[in-house]
Amino acid sequence: MICPDCGFRNAEDANFCQNCGGPLSPTTPQAKETGTSTRLQSNIAGLLCYVLGWVSGLVFVLIERKSQFVRFHAWQSIITFGGLTIISSILEPIPFIGGVTGLLIGLLSLVLWIILMIRAYQDKSYKLPIVGDWAERLARGKLG
Ligand SMILES: [Zn+2]
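Model, not experiment: these values are computed from the prediction. (Residues numbered from 1 in each chain as written. Predicted model: local features only at pLDDT ≥ 70, side-chain atom pairs only at ≥ 80, totals over all residues.)

Caption draft 1: Local environment of the packing of helix H1 (residues 42–51) against helix H2 (residues 54–63). In contact at an axis separation of 5 Å, H1 and H2 are set at 135 degrees when each is read in the N-to-C sense. Considering their axes alone, H1 and H2 lie oblique with respect to each other. Note on element contacts: H2 touches H1 through Ser-56, Gly-57 and Phe-60, opposite Ala-45, Leu-48, Cys-49, Tyr-50 and Val-51. Its residues placed into classes, the contact of H1 with H2 shows six nonpolar, two polar and no charged. (Axes fitted to C-alpha atoms, helices over the stretch in contact; angles between N-to-C directions. Helix = DSSP H or I, 4+ residues; strand = E, 2+ residues; numbered from the N terminus. Parallel < 35°, antiparallel > 145°, perpendicular 65-115°, else oblique. Contact = placed C-beta atoms within 7 Å. Nonpolar A, V, L, I, M, F, W, Y, C, P; charged D, E, K, R; others polar.)

This is the structure in C-alpha cells:
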C-alpha cells in the first residue's frame, strides 16, 4: 500500500500511513453490488424493471438472481403497477366512478412510473410506502 500523499510503502492492510499518518484507501474497494445476472449496470437494470410496468418487473424477478437492488425494484414494479392495473380493471365497469378512477389511476401510474425510473437510475433504492416494504421482503426471498 503506497501512501498517496508521501509515497511511503506501508503494509498492505494498513489503514493509515506509517510515515505521515494520512489515511490510505483500501486496495480493493468493495463494490456495493456484486453485479447483476444480466451483466447490466444495476441502476440500468433497476430502471428497466419499470419500463414496461409490471411486465418488465416480472421479467427481472425471473432472470435476476444476484442483485438485491434489481430484485427490489422488480418486485416494487410488479406490486405497484400490477396493483394499479387490477384496481382500475375492477372499477372500470362501474359507470362514472370507473371513468374517474381510471383517469386518476392513469395519472398516478404515469407519475410513479417516471419517479421510480429516475430514482432507480440514480442508484437509489427508492421505497414507496407499504409497497416498498413488501418488495424488500420479496426481494430477500421471504414472504410475509
Ligand atoms: Zn504518507
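Continuing now.
Caption draft 2: A look at the packing of helix H3 (residues 68–91) against helix H4 (residues 97–121). Between H3 and H4, the shortest axis-to-axis distance is 9 Å and the interhelical angle comes to 170 degrees. What the angle tells us is that H3 and H4 run roughly antiparallel. Of the residues in H4, those touching H3 at His-73, Thr-80, Phe-81, Leu-84, Ile-87, Ser-88 and Leu-91 are Ile-97, Gly-98, Thr-101, Gly-102, Ile-105, Leu-108, Ser-109, Leu-112 and Ala-120. Within the contact of H3 with H4, the residues separate by chemical class into nine nonpolar, seven polar and no charged.

Caption draft 3: Seen up close, the confidence of the model for the protein. When pLDDT is averaged across the protein, the result is 88; 92% of the residues are at 70 or more. Per-residue pLDDT, averaged within each element of the protein, yields its smallest value for helix H5 (residues 131–139) (92) and its largest for H2 (96). Low pLDDT, under 50, characterises residues 27–31; the predicted model gives this stretch two contacts beyond four residues in sequence or across chains. (pLDDT = per-residue confidence, 0-100.)

Caption draft 4: Molecular detail of the domain arrangement of the protein. What the domain assignment lists for the protein is domain 1 (1–30) and domain 2 (42–139). The gap between the C-alpha centroids of domain 1 and domain 2 is 45 Å. (Domains from an automatic or database assignment.)

Caption draft 5: The arrangement of unusual backbone geometry in detail. Even without glycine at this site, Asp-123 takes up a positive phi of about 65 degrees. Inspection of the secondary structure assignment puts Asp-123 in the loop between H4 and H5. The exposure class of Asp-123 is partly exposed, given the 15 C-beta atoms found within 10 Å. The phi torsion at Ile-130 lies on the positive side, around 60 degrees, for a residue other than glycine. For Ile-130, the position within the fold is in the loop between H4 and H5. We classify Ile-130 as exposed; it has 9 C-beta atoms within 10 Å. (Buried ≥ 20, exposed ≤ 12 C-beta atoms within 10 Å, placed from the backbone.)

Caption draft 6: Looking closely at the nonpolar core. Within the largest apolar cluster, 19 residues are counted, with the highest numbers of intra-cluster contacts made by Cys-49, Phe-60, Val-70, Ala-74 and Trp-75. Of all elements in the fold, only H1, H2, H3, H4 and H5 reach the threshold of two or more residues within this core. Sorting elements by how many residues they give to this core places H3 first, with seven residues. (Core = buried A, V, L, I, M, F, W, Y, C linked by C-beta atoms within 7 Å.)

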